[in-house]
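# Coordinate analysis (summary)
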Amino acid sequence: MDPMDIVGKSKEDASLPKATMTKIIKEMLPADVRVARDAQDLLIECCVEFINLISSESNEVCNKEDKRTIAPEHVLKALQVLGFGEYVEEVYAAYEQHKYETMQDSQRSVKMNTGAEMTEEEAAAEQQRMFAEARARMNGGGGGGVSVPQPDQQLDTQQPNLQS
């Protein structure tokens with residue numbers, strides 16, 4: 001029985017994005033080298049099989065430790081068990097780089113989502129200013145006659161009557 005059938009997926013369900021894989025393949029080769037479509041498909045299949053192999057062995061390592069979640073250590077151990085020990089250091093370095101980049105991205109995202117550079121009053125004033133700009137655009141004009149509150153002004157929280 002095919003291992004993919006065990007988890008309820010057929011071989012066709014388990015694939016990698018062709019465009020991404022083609023880009024990776026082309027980036028790894030000199031510019032004057034061409035790769036036949038069949039060869040690209042074969043490389044993609046090899047990658048899928050390699051992922052299946054590493055995943056399966058990582059799961060076994062995880063189970064031997066009575067864990068229910070595969071951790072990076074399990075993947076590294078699986079690489080060693082399968083005879084890919086020479087890649088462990090490079091894979092670990094790539095993992096650490098990924099963790100660092102992910103942390104940087106999430107910190108930027110949190111900063112943007114929380115408005116960490118603004119006080120609550122400044123954020124409210126900015127929101128009111130954007131509302132005023134939107135109302136001005138909706139009413140067909142530049143910014144004429146629209147009062148934009150300044151950060152140090154008291155905000156009027158009532159919405160103006162937009163009917164004329």
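Residues numbered from 1 in each chain as written. Predicted model: local features only at pLDDT ≥ 70, side-chain atom pairs only at ≥ 80, totals over all residues. Heavy atoms only, no water.

As annotated in an unreviewed UniProt entry, the chain carries the name Transcription factor CBF/NF-Y/archaeal histone domain-containing protein and comes from Eruca vesicaria subsp. sativa.

On to the overall build of the chain. Helix and strand counts for the chain come out as six helices and zero strands. Counting helices and strands in the order they occur from the N terminus, the chain gives α-α-α-α-α-α. Contacts in the chain between residues far apart in sequence, at least 24 positions, make up 39% of those at least 6 positions apart. About 13,400 Å² of surface is accessible on the chain, with carbon and sulfur atoms providing 54% of the total. (Helix = DSSP H or I, 4+ residues; strand = E, 2+ residues; numbered from the N terminus. Contact = heavy atoms within 4.5 Å. Areas by Shrake-Rupley, 256 points an atom, 1.4 Å probe, with all protein chains shown as cover.)

Between helix H2 (residues 18–28) and helix H3 (residues 37–64), the least distance of the axes is 10 Å, while the angle of their chain directions is 105 degrees. Judged on the interaxial angle alone, H3 and H2 are roughly perpendicular. Residue-level inspection shows Lys18, Met21, Thr22, Ile25 and Lys26 of H2 in contact with H3, the latter providing Gln40, Asp41, Leu43, Ile44 and Cys47. Residue composition of the contact of H2 with H3, grouped by class: five nonpolar, two polar and three charged. (Axes fitted to C-alpha atoms, helices over the stretch in contact; angles between N-to-C directions. Parallel < 35°, antiparallel > 145°, perpendicular 65-115°, else oblique. Nonpolar A, V, L, I, M, F, W, Y, C, P; charged D, E, K, R; others polar.)

Turning next to a nonpolar patch on the surface. Taken together, Ile24, Met28, Leu29 and Val33 make up a surface patch of nonpolar side chains, about 360 Å² in accessible area. Structurally, Met28 is set in helix H2. Met28 sits in the exposed class, given a relative accessible area of 66%. (Patch = residues over 30% accessible without salt bridge, like charges linked within 9 Å, V, L, I, M, F, W, Y side chains within 5 Å. Salt bridge = Lys/Arg side-chain N within 4 Å of Asp/Glu carboxyl O. Buried < 20%, exposed > 50% of the residue type's maximum accessible area, 1.4 Å probe, protein only.)

So, about the packing of aromatic side chains. Throughout the structure, instances matching the rule amount to three aromatic pairs. Summarising the aromatic geometry, the rings of Phe84 and Tyr87 are spaced 6.3 Å apart at their centres and angled 45 degrees between planes, so their arrangement reads as tilted. Using a relative accessible area of 25% as the deciding quantity, one classes Phe84 as partly exposed. Taking the centre distance of 6.2 Å and the plane angle of 50 degrees together, the rings of Tyr92 and Tyr95 count as tilted. Here Tyr92 and its partner Tyr95 are both found in helix H5 (residues 88–114), three residues apart, which amounts to about one turn of the helix. With a relative accessible area of 41%, Tyr92 lands in the partly exposed category. Exposure remark for Tyr95: the relative accessible area of 28% places this residue in the partly exposed category. Members of the aromatic cluster, each reached through a chain of ring pairs, are Phe50, Phe84 and Tyr87. (Phe/Tyr/Trp six-rings, centres within 6.5 Å; stacked < 30°, edge-to-face > 60°.)

Right, let's talk about helix H4 (residues 72–81) for a bit. Along H4, the residues classified as buried are His74, Leu76, Ala78 and Leu79. Of the residues trailing H4, Gly83 is marked for its positive phi of about 90 degrees.

Summed over the entire model, instances satisfying the criterion amount to five salt bridges. For the salt bridge of Glu27 with Lys23, the shortest nitrogen-to-oxygen distance reads 3.9 Å. With Glu27 and Lys23 both in helix H2 and four residues apart, this pair spans about one turn of that helix. Of the two residues, Glu27 and Lys23, neither departs from the other in class, the shared state being exposed. Shared partners join several salt bridges into a network, and the residues in it are Glu126, Arg129 and Glu133.

Moving on, we come to the confidence of the model for the chain. Across the chain, pLDDT averages 80, with 73% of residues at or above 70. Taking the mean pLDDT of every element in the chain, the minimum, 47, falls on helix H1 (residues 3–6) and the maximum, 97, on H4. Note that residues 142–157 has pLDDT below 50 and, in this model, 16 contacts with residues that lie over four places away or in other chains. (pLDDT = per-residue confidence, 0-100.)

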